[in-house]
Amino acid sequence: MALRELGSIFGLASRSGTRPVVRCANLPIRRYASTDATQDLEPASSFSAPPPSEDIVKSYDPVAQSRRRGRRLPPSRYQFRPPKYYRGPLHPHQPPPPSDPSSRVFQPGPFSLPRLEQTYQSTIQPDLMTLAYTHFPPGYTAPPKGARLRSWEGASPYFKNRPLRGPRGSDVLRLLRQPTTFRNVPKLTGVTVHSMVKEANEDPAVLDVAKMVVQAITNARTKVHKARMSVIQWGHREGRVVSVTADLTGEDMYHFLGKTIDVVLPRIKDWKGVKGSSGDSSGNLTFGLSAENVASFPEIEVNYDMYPPKMIPGCHVTVHTSATNDRDARLLLSSIGIPFYGKLVD
Amino acid sequence: MRTSAIIPAFRPTFRCLSRRTTPLLSPARPIHPRSSQTALFSTTAPLLKRSKKGEQKKDIRITAIQYHLRHPLNPRPLRLSRLRALRHWTIHRAWQLHKAASRRAHELELERQYNSMRDACEALRLIGDDGMPASAGTPGGTMGKELGRLYRVAMEKKGVWAGVPIEYARMQVDYPSREGWNHGWTR
């Protein structure tokens, strides 16, 4: 509908403006072929071949042939339509695998081999394995550890059949750390770029700009999030859209981290690094980028005027690693090139 | 979204059909986006739409961004013919096999490194007091201060978790060259 409107409007504009019709009429007819095409044609044609012999003509009966075949030939066109919704594993109509181009979730690629990925594979991964190596003599078995969840001790009759008590110190059952071997060297699993825009409470257009900025720097489609609760100090109201995130894995993740580490972070003035207390104690570290830092991403920088002034947002970058504690994750990130400062908290 | 609002922003990208069919012989008149409603070559103040009190004019860049966000160029699922699908399948299988083979080679290489590291540490652990390998199974020699010193030093994890120096994370690139620096260069 919109395009149809556009066309009619532009048609009107061109008619009132220049005179393309007259110009068209004045133009000479041009050929773009460089040679005379008839010279390239082969003189021999199938018409000069002898016709099929008498017995071939006699025996040719396509109707009988198809009757004799008994089964239908597959159609020449690819006629399968993938179902729009996945209806479960028991439904007869199953979608094709994601590697199939007819699948709705098919993604072509990868189109490049990121430098960071190559560096990790060739250098960082063996080095991390060597750094974290602990030697166990042959025949060593780890001493058995006590139960992580404690039982309720006491005379109270209500302790009977009560769910087990949480670990000492916190209610959270931490992830276990296995000794690092060649199988579980920590690696990058994903990056989440999150940008909360406070001004979006007043004007949702600001969030659209933030969306475009995040999409531009991450090369991934963003998701919009609503405020879960009202916070008066921040001007949040429940149900209003306030933030955008982009989840990156694989090629996009490596490209984004490479850009951040090699281009953006070195250009931050007086940047000490990522705070040592960052992390969720299960191997995911977060650091923040201010609006000026986001503006120094090469994708934003080359096209800075595309974004309205003062609407480029800052963002939080969460790096997910396969490490199960912050110490290992920090070692991985510092070997990639993200410095840490302050007290290192595990 | 009303179309008329966004037209000035996309004027350069769209061209009417008649213009597109004309060959590029004549230099086409550059199409300027109409930045405002003012008439050209006029000193008279233009009559603009009266704005309500407190109403701000929306930045045209926001309009452009919203337009592009809401008109995603999502291609429909590809439909390949039989031969093309077969070709795609073949290439895809070959690529998957290549990826699996290279991943397997990488894993084996890591395992080899790990095993040799383990063997070296085991040899260090079993080294005797005199610096010669002790008999297999038990650390040999007399019990002295030097016994197993190298092993203990090798097992130290002091300063390992503080992180690596920042120079380590230098991006691996194809340069500098093997010569490094051309000292003889003059302008």
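Residues numbered from 1 in each chain as written. Chains lettered and ligands numbered in written order. Predicted model: local features only at pLDDT ≥ 70, side-chain atom pairs only at ≥ 80, totals over all residues. Heavy atoms only, no water.

Chain A has the name Large ribosomal subunit protein uL5m in an unreviewed UniProt entry, where Coniosporium apollinis is given as its organism. Looking at chain A in UniProt, the text filed under Sequence similarities (unreviewed entry) is "Belongs to the universal ribosomal protein uL5 family." (UniProt positions renumbered as here; feature names shortened; annotations may be inferred.)

Draft legend 1. Region of interest: the overall build of chain A. When helices and strands are counted, chain A shows 11 helices and 7 strands. Partitioning the intrachain contacts of chain A with sequence separation of at least 6 by distance along the chain shows that 66% fall at a separation of at least 24. As displayed, chain A has an accessible area near 23,200 Å², and 55% of this comes from carbon and sulfur atoms. (Helix = DSSP H or I, 4+ residues; strand = E, 2+ residues; numbered from the N terminus. Contact = heavy atoms within 4.5 Å. Areas by Shrake-Rupley, 256 points an atom, 1.4 Å probe, with all protein chains shown as cover.)

Draft legend 2. Just the pattern of salt bridges, in detail. Residues and elements named next belong to chain B. By the definition in use, this model includes 12 salt bridges over all chains. A salt bridge links Arg 125 to Glu 122, with the nearest nitrogen and oxygen atoms 2.8 Å apart. Of this pair, Arg 125 and Glu 122 are both found in helix H4 (residues 82-125), 3 residues apart, which corresponds to roughly one turn of the helix. Assessed through its relative accessible area of 14%, Glu 122 is described here as buried. (Salt bridge = Lys/Arg side-chain N within 4 Å of Asp/Glu carboxyl O. Buried < 20%, exposed > 50% of the residue type's maximum accessible area, 1.4 Å probe, protein only.)

Draft legend 3. Structural detail: the sheet that holds strand E2 (residues 223-226) of chain A. Residue and element names in this part refer to chain A. Pairing in this open sheet of 5 strands is antiparallel, and the strands run E2-E3-E1-E6-E5 from one edge to the other. Of all strands in the sheet, those bounded by a partner on one side alone are E2 and strand E5 (284-289). Here the strands of the sheet are splayed against their neighbours by 25 degrees on average, with no regard to which way each runs. Direction of pairing for strand E1 (residues 188-196) relative to strand E3 (residues 241-248): antiparallel, over a ladder of 6 bridges. Bridge pairing in E3 links Ser 195 to Val 244. Packed on one face of the sheet, helix H8 (residues 250-264) meets E1, E3, E5 and strand E6 (315-321) and runs near 65 degrees to E1. (Pairing = 2+ DSSP bridges. Axes fitted to C-alpha atoms, helices over the stretch in contact; angles between N-to-C directions.)

Draft legend 4. Just the confidence of the model for chain B, in detail. Residues and elements named next belong to chain B. For chain B, the mean per-residue pLDDT works out to 74, and 63% of the residues sit at or above 70. By mean pLDDT, helix H2 (residues 17-21) is the weakest element of chain B at 42, and H4 is the strongest at 94. Of the regions scoring below 50 in pLDDT, residues 1-38 engages in 49 contacts with residues more than four places distant in sequence or in other chains. (pLDDT = per-residue confidence, 0-100.)

Draft legend 5. Inspection of the confidence of the model for chain A at higher detail. All names here are of chain A. For chain A, the average pLDDT comes to 87, and 87% of its residues sit at 70 or higher. The secondary-structure element of chain A with the lowest mean pLDDT is helix H1 (residues 2-16), recorded at 43, while E6 shows the highest, at 98. For residues 1-25, every residue scores under 50 in pLDDT, and the model assigns this stretch 19 contacts once sequence neighbours within four places are set aside.

Draft legend 6. The arrangement of the packing of helix H6 (residues 115-131) of chain A against helix H11 (residues 326-336) of chain A in detail. Residues and elements named next belong to chain A. Contact geometry of H6 with H11 gives a least axis separation of 10 Å together with a crossing angle of 135 degrees. Of the possible angle classes, the one that applies to H6 and H11 is oblique. The way H6 lies across H11 gives a crossing that is right-handed. Residue-level contacts link Leu 116, Tyr 120, Ile 124, Leu 128 and Leu 131 of H6 to Leu 331, Leu 332, Ser 335 and Ile 336 of H11. For the contact of H6 with H11, the class distribution of residues is 8 nonpolar, 1 polar and no charged. (Parallel < 35°, antiparallel > 145°, perpendicular 65-115°, else oblique. Left-handed = near helix turned anticlockwise from the far one by under 90°. Nonpolar A, V, L, I, M, F, W, Y, C, P; charged D, E, K, R; others polar.)

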